[in-house]
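# Survey of secondary and tertiary structure
Each chain, written out:
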Amino acid sequence: MLSLDLSGCKKRKRGERVFRFKNFGEPGHPVEFDGPFRTNIKSLFECGHLESSLCSKMPSRSFQLEVHRHPPVYVLLFVIEESVDASFNRHCRHCKYVGWGNHMICNKKYHILVPSKDTIATYLNCEGDYNESNFTKDKYNLLVELQGHIMHGVFHSNGFGHLLSVNGLETGSELAGYQIIQFWDRLCTSLQARKVSLNDISQKRGMDLRLLHAVVYGKPWFGRWGYKFGRGSFGVTATMYQKAIEAIQGMPLNVLIHHIGTTYHGIPGIFSRYQKLSDFSLVTLRDLFHFIFELKSHLPKETCVNSWHPGILVDTTTCRWSPKRIEMATRAVVEALRRAEFKWVSRQEVRDTARMYIGDTGLLDFVLKSLGNHVVGNFLVRRSLNPVTKVLEYCLVDISNAFPKTTADECLVPDNTKVKTEYNITRVQLMKDLFYLYKSILRDQNQAQSTNIGTVIPVAARIILDTKFLIKEYCSGESPSRSEKGKEGVFCTVQLEREIKNATPPYECFILKDNATVGELELEVERTFREMYWGLRSFSVSSIKGLNAKGPDIVSEIVGLGDKLVFEGINTMNNQGIIVDKGVYESSENEYVVDCPCGASDDDGERMVSCDICEVRQHTRCVKIPSNEEIPHMFLCSRCEQDILLFPSLA
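### What about the pattern of salt bridges?
Enumeration according to the criterion identifies 24 salt bridges in this entry. The closest approach of N and O atoms between Asp602 and Arg231, which form a salt bridge, is 3.4 Å. Pair noted here: Asp602 is in the loop between strand S20 (564-571) and strand S21 (608-610) and Arg231 is in strand S11 (residues 228-231), with a separation of 371 residues, a long-range link. Here Arg231 falls in the buried class, since its relative accessible area comes to 16%.

### Focus on the confidence of the model for the chain
A low pLDDT means the predicted coordinates there should not be read in detail. Per-residue pLDDT for the chain averages 81, and the proportion of residues at 70 or more is 80%. Scored below 50 in pLDDT, residues 130-141 shows 18 contacts in the model against residues more than four places distant or in partner chains. In this model, residues 302-308 is a region of pLDDT below 50 whose contacts with residues beyond four sequence positions or in other chains number 20 contacts.

### A word on the sheet that holds strand S19 (residues 539-544)
Judged by pairing direction, the sheet is mixed, and its 4 strands sit side by side in the order S18-S17-S20-S19 without closing on themselves. The open sheet has two edge strands with one neighbour each: strand S18 (508-511) and S19. Averaged over all neighbouring strand pairs, the angle between strand axes comes to 45 degrees, with direction disregarded. Here strand S17 (residues 489-496) pairs with S18 via 4 bridges, running antiparallel. The residue bridging Gly489 from the neighbouring strand is Ile511, located in S18. In the packing of helix H16 (residues 518-532) onto the sheet, contacts are made with S17, S18, S19 and S20, and the angle to S19 comes to roughly 140 degrees.

### Examining empty space enclosed by the protein
Taken as a whole and assessed by the stated rule, the structure comprises 4 cavities of 30 Å³ or more. The space that makes up the second largest cavity amounts to roughly 50 Å³. At the level of elements, strand S4 (73-83) and strand S5 (108-114) are the ones that each hand at least two residues to the lining of the second largest cavity. Of the residues contributing to the lining of the second largest cavity, the split by class is 3 nonpolar, 4 polar and 4 charged.

### Some words on unusual backbone geometry
The residue after His29, namely Pro30, is reached through a cis peptide bond having omega 10 degrees. Tracing the backbone shows Pro30 in the loop between strand S1 (18-20) and helix H1 (37-46). The backbone phi angle of Arg205 is positive, close to 55 degrees, even though this residue is not glycine. As for its position among the elements, Arg205 is in the loop between strand S9 (203-204) and strand S10 (207-208).

### Quick word on the sheet that holds strand S14 (residues 379-385)
Read from one edge to the other, the open sheet built from 4 strands follows the order S12-S15-S14-S13, with strand pairing classed as antiparallel. Edge positions in the open sheet fall to strand S12 (345-346) and strand S13 (374-376), since each of these has one partner strand only. The pairing of S13 with S14 spans 3 bridges and is classified as antiparallel. Paired with Val375 across the bridge in S14 is Leu380. Against the sheet, helix H10 (residues 323-339) contacts S13, S14 and strand S15 (392-398), and its axis sits at roughly 85 degrees relative to S15.

Reading the values: the criteria
The numbers attached to residues start from 1 for each chain and follow its sequence in the written order. Confidence filtering applies because this is a predicted model: local features only for residues at pLDDT of at least 70, side-chain atom pairs given and counted only at 80 or more, and all residues used for totals across whole chains, interfaces and linings. In computing side-chain values, all of the structure's heavy atoms are included and hydrogens and water are not. By definition here, a salt bridge exists when the distance from a side-chain nitrogen of Lys or Arg to a carboxyl oxygen of Asp or Glu is within 4 Å. Only runs of H or I of at least four residues qualify as helices and only runs of E of at least two qualify as strands under DSSP, and these elements are numbered from the N terminus. Burial status follows relative accessibility: with a 1.4 Å probe on protein chains alone, a residue under 20% of its type maximum counts as buried, one over 50% as exposed, and anything between as partly exposed. Looking at any residue, its pLDDT shows the predictor's confidence there, from 0 to 100. Pairs of residues are marked as contacts when any of their non-hydrogen atoms sit within 4.5 Å. Two strands qualify as a pair provided DSSP detects at least 2 bridges between them. The angle between two axes is taken between their N-to-C directions and runs from 0 to 180 degrees, where each axis is a line fitted to C-alpha atoms and a helix contributes only its stretch in contact. Residues are said to line a cavity or pocket when one of their atoms sits within 4 Å of a point; the points come from a 1 Å grid over protein atoms alone, cavities being sets where a 1.4 Å probe fits but cannot get out and pockets being open sets with protein on both sides within 12 Å along at least five of seven lines. Grid points are joined across faces, edges and corners, and a volume is the space filled by probe spheres set on the points. In this classification, Asp, Glu, Lys and Arg are treated as charged, Ala, Val, Leu, Ile, Met, Phe, Trp, Tyr, Cys and Pro as nonpolar, and every other residue, Gly included, as polar.

So this is what it looks like as structure tokens:
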């Protein structure tokens, strides 16, 4: 089917280039990105490996990226060009939801995706069912429509884009979530994308990261890469979002203990536990969550898998000893330390005693080197350098009674300046505490009714959770690119005459040749905007707004370097004067009316219901229709219900 190995575990055939994942997207990897977005994206697409049969009706290119060299791990990056003619719906719902409905429809989209093994397998299984005669929307099984890719982003040809999905290690990916975002961010920066949106629904261990990170850091997880509030659902504004974060972060812990401590009996104990661990007073909810996050970063990630565990994480593919022999040697070392009655013993003494049972000195050296500060069964093997003799010493610590709640799946925390010895805590216990706090304080839907603290936290948390659309501005497009700096150029856009919306596309930079004329610039503007926008494929310039210029005039003599020009004109079909300006924007002309009690006046992607009389749409949540129930066959908004009640009887 495809010319490359979809397993992602082997290199391509000889002569084809393999790129490094860590620097792909940087200058020269794979090409020099030294122009505006419209040329950079074409350069990226053209240097990829042609995949003639990957997506029907869509030109596709691919790159093989090396994630690790030892062991060899590769992922595939696909760049798929989707023309508006090949789309079932030329309107982009992502643009509409994020508030870009006034943008003109672009002729092309570029899908940037790293498929997972599951999506590749699904595609290959259903691709054979494709038939030109029965090609319908229900059988639209192209790769870009599948869910579950490791990464999937899409760019419009004008530089606006959307990050549609990120799936890290928890979904079986070879890449962590932060590695995927770093890769995407690097690519967006190099391509000089204008703005990129995303729908933040990221979770980890059942907790919404946009809520958790808002409480801890005052911004979502994606905020680490510059993504900020874009548009809130259910009428949420940027001011409401910021106020909600401040309200939750500033909630005093003593107030919470007083009001919900009797309902959730674990809350006082958790507060007390982390206050003892902290070197400073934990006053607010933000202080508590921030300290837990900081403490989590200092705890070891290793866990014990059973009641007796050798305490050594061994790579069986590279280790020359079997796990069973390592376990026997570990038992011998622990037994030698037990004979020392939990006192510090030099490494040589431990080694000599263990040799009575294990003759392989190489194995003993390996175990002694690996055991330092690891849990073995009910003991912690301590290792330290004697400051006087400069000799490594070992000591055994019995932890069987120190922490009654410690299970077989937990390990002790090694010495740390931020964790006092007498209050050591396990990573598993910390995650349990964090989840308990999250569920009981941040996500308890009945908190407002069961306590006297009002609706502050539930309402603020709901506002934060309703803020899912984030945006990052990479490049405004109104400044020269790297290669354009120092060259003479102007920024141009177009405007349709008699257009009601009076919206203009983003400015594009045009580098002028020596003695370039106004007529030549007009032709270049027409060509560029015709290529980029579906509604401007027959655009014809008639004048330059605010400038009385003729075709032979020299551009540099009438405008300055970096000036902005608006070219007015009409859109005609076959130059016959037929105006085709309708339906050229991402929001359809026949858009339904949204007038919801929450204040929303546009479609934000949430579930809605339409009134059967006035046809105005409202959120089902706002009109008290449960999310687990179907929309009723007959629905009347409150205004129409009131009108019916006030309508005089015809009897």
